[in-house]
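# Survey of secondary and tertiary structure
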Amino acid sequence: MKIQMLDLSEQYLSMKDEVIAKLDEVMSSSQFILGSNVKQLESDVAKYSNVAHGIGVGNGSDAIHIALQAAGVETGDEVITTAFTFFATGGAIARAGATPVYVDIDPVTFNINPSKIEEAITEKTKAIISVHLYGQMADMEAIKSIADKHNLVVIEDAAQAIGAKQKGKSVGELGTAATYSFFPTKNLGAYGDGGMIVTDDSDLAEKASVIRVHGSKPKYYHHVLGYNSRLDELQAAILNVKFPHLDKWSNSRRERAAYYTEKLNEKLGDVIQTPVEKEGNHHVFHQYTLRVPDRDELQNYLKVQGVATMVYYPMPLHVQPVFKELGYKEGDLPETEKAAEEAISLPMYPELKRKDQDFVIEKIVEFYSN
Ligand SMILES: *Cc1c(COP(=O)(O)O)cnc(C)c1O
């Protein structure tokens, strides 16, 4: 493959000495779990999200699970969300003992369609999870107003959207809590697993920080069932080195996205659909995702030409075998299912070269002119 989806090596080389020095500091201190690096990152990321609290956890999936539990979601509750997301969103709901209720997406943004939420609310509904897919926030004002009217919790799954904004508001500001993932390929990636919950709700923050240490408070006394799910000091130290560069990296992604969009629209504007940044949104382009005809053929063609692409996601959650007991069938969420057939993500990362983008564009144009 000539052009990868993502290449993390250049970024590492640009900060290698600093990273190694920080790792050495942690290892020399022998403080590996919940030490000063985690505290610093929690404080920085909370401030960045314009909220009071950050709680570092083991990964982005646990962040959702723990946020739900800390917000009071329990067995028998229903949680409304989108089926067009990574498995972790639905998995976390089920792991919290609740039932995922999937509603259709807005075909323009690929995010949950707020106008489909109210008809899915029942007496059992406790929460809504909005997923900010590909780096663009779901319509939080609409979601928040429905949630307020029905007294529901809102968790923002912002695994793909750290740094995204809507009408000047950050991820985490409108929801009850937001969750981040520091999986290596995310916009702020560790060199292993990591995640964080951010919230303005002191009670939720306190509960989440207890749940991540086995529900232990005071130490060795357990009033709630928790887990072992912590961000470790080595990962936090790496993230502390990377965090100050995040906005610069997001801007690089935005520039690359704008270039793809300009060139692809010039040549294929009536064949494919480039990503739409809705008015008022600041999209951080975790993925640059097109809608295209003959998607699988295009993907194969590009692969042969040396261009990596990915399909996020080929099978929506409502039809995943593990959720078959929920009773959904194909056809239940038409926009979601259509997106799963048409979406394709192109190589995207802050260091992506212009000449590589030109090659990707050329090969896509070539495919559709044959
Ligand atoms: C990556 C991702 C997660 C899970 O994060 P992990 O850190 O891999 O557990 C959850 N939701 C979405 C939308 C993601 O992209």
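This text gives an overview of the structure that appears in the document. (Residues numbered from 1 in each chain as written. Predicted model: local features only at pLDDT ≥ 70, side-chain atom pairs only at ≥ 80, totals over all residues. Heavy atoms only, no water.)

Looking now at the layout of surface pockets. The rolling of a water-molecule-sized probe over the atoms marks out the regions of remaining empty space. Of the volumes computed, that of the largest pocket is approximately 500 Å³. Those elements that provide at least two residues to the lining of the largest pocket are α3 (60-70) and α4 (87-95). When residues of the lining of the largest pocket are assigned to their parent elements, the largest contribution, three residues, is made by α3. Every residue lining the second largest pocket is counted, 17 residues in all, and those nearest its centre are A138, D139, Q166, K278 and N281. The residue inventory of the lining of the second largest pocket, partitioned by class, reads five nonpolar, five polar and seven charged. When residues are assigned to domains, the lining of the second largest pocket turns out to be shared by domain 1 (9-244) and domain 2 (245-369), each giving three or more. (1 Å grid on protein atoms, 1.4 Å probe; cavity = no way out; pocket = protein on both sides within 12 Å on 5 of 7 lines; lining within 4 Å. Points joined across faces, edges and corners; volume = space filled by probe spheres on them. Helix = DSSP H or I, 4+ residues; strand = E, 2+ residues; numbered from the N terminus. Nonpolar A, V, L, I, M, F, W, Y, C, P; charged D, E, K, R; others polar. Domains from an automatic or database assignment.)

All right, on to the pairing of strand β4 (residues 125-131) then. Judged by how many residues are buried, β4 sits mostly within the fold: six of seven residues are covered. Across three bridges, the pairing between strand β2 (residues 78-82) and β4 is parallel. When the sheet's bridge partners are listed, I80 is paired in β4 with I128. Here β4 pairs with strand β5 (residues 153-157) via five bridges, running parallel. Its bridge partner being in β5, A127 is matched across the sheet by V153. Each parallel crossover has a hand, and the one from β4 via helix α5 (residues 140-150) to β5 is right-handed. (Buried < 20%, exposed > 50% of the residue type's maximum accessible area, 1.4 Å probe, protein only. Pairing = 2+ DSSP bridges. Right-handed = clockwise from strand over helix to strand, strands pointing away.)

All right, on to the packing of α3 against α4 then. Where α3 contacts α4, the axes come no closer than 8 Å and their chain directions differ by 40°. Relative to α4, the element α3 lies oblique. Note that α3 runs across α4; the crossing there is right-handed. For the pair formed by α3 and α4, the contact residues are S61, D62, I64, H65 and L68 on the first element and A88, T89, A92, I93 and R95 on the second. In the contact of α3 with α4, the residues fall into five nonpolar, three polar and two charged. (Axes fitted to C-alpha atoms, helices over the stretch in contact; angles between N-to-C directions. Parallel < 35°, antiparallel > 145°, perpendicular 65-115°, else oblique. Left-handed = near helix turned anticlockwise from the far one by under 90°. Contact = heavy atoms within 4.5 Å.)

On to the sheet that holds strand β3 (residues 99-103). Here seven strands make up an open sheet; going across it, the order is β1-β9-β8-β5-β4-β2-β3 and the pairing mixed. The outermost strands of the open sheet, each flanked by one partner alone, are β1 (53-57) and β3. This sheet shows a mean twist of 25° between the axes of neighbouring strands, independent of strand direction. Bridging between strand β8 (residues 177-181) and strand β9 (residues 195-199) involves five bridges; their strand directions are antiparallel. Residue A177 lies in a different strand from β9, and its bridge partner there is T199.

On to unusual backbone geometry. For the bond from K217 to P218, the omega torsion is -10°, close enough to zero to count as cis. Its location among the elements puts P218 in the loop between α6 (202-211) and α7 (233-242). The omega angle of the peptide bond from Y312 to Y313 is 10°, so this bond is cis rather than trans. Along the chain, the position of Y313 falls in the loop between α9 (295-304) and α10 (334-342). Positive phi outside glycine occurs at F110, with the angle close to 70°. Within the element layout of this structure, F110 appears in the loop between β3 and β4.

Turning our eyes to something else, we now look at the environment of R95. Looking at the secondary structure, you find R95 in helix α4. Put simply, R95 and L68 are 27 residues apart on the chain and 9.9 Å apart in space, counted from C-alpha to C-alpha. In this view, R95 contacts S61, D62 and H65; residues no more than four positions away in its chain are not counted. Among the polar contacts made by the side chain of R95, one reaches the side chain of H65 at a distance of 3.3 Å. (Polar contact = N/O pair within 3.5 Å; in protein donor to acceptor, adjacent residues only side chain to side chain.)

Now for a nonpolar patch on the surface. Taken together, the side chains of M27, F32 and I33 make up a nonpolar region of the molecular surface, amounting to roughly 270 Å² of accessible area. In this structure I33 comes out as partly exposed when scored by relative accessible area, which is 39%. (Patch = residues over 30% accessible without salt bridge, like charges linked within 9 Å, V, L, I, M, F, W, Y side chains within 5 Å. Areas by Shrake-Rupley, 256 points an atom, 1.4 Å probe, with all protein chains shown as cover. Salt bridge = Lys/Arg side-chain N within 4 Å of Asp/Glu carboxyl O.)

What follows covers the environment of S345. The topology assignment puts S345 in strand β12 (residues 343-346). The spacing of S345 and H286 is 59 residues in sequence and 9.9 Å in space, taken between C-alpha atoms. Discounting chain neighbours no more than four positions away, the residues touching S345 are M5, Q287, Y288, T289, T309, M310 and Y312. At a separation of 2.8 Å, a polar atom in the side chain of S345 contacts the side chain of T289.

Spatial ordering of the open sheet is given by β7-β6-β10, a layout of three strands whose pairing is antiparallel. In this open sheet, the two edge strands, each paired with only one partner strand, are β7 (169-170) and β10 (281-282).

Glancing now at the pairing of β5. Each regular strand carries side chains that alternate between the two faces of the sheet. The element β5 is extensively covered by neighbouring structure, given that five of its five residues are classed as buried. Of the two faces of β5, the one holding V153, I155 and D157 and the one holding V154 and E156 are both buried throughout. Pairing geometry for β5 and β8, over three bridges, is parallel. When the bridges of β8 are listed, E156 appears paired with A178.

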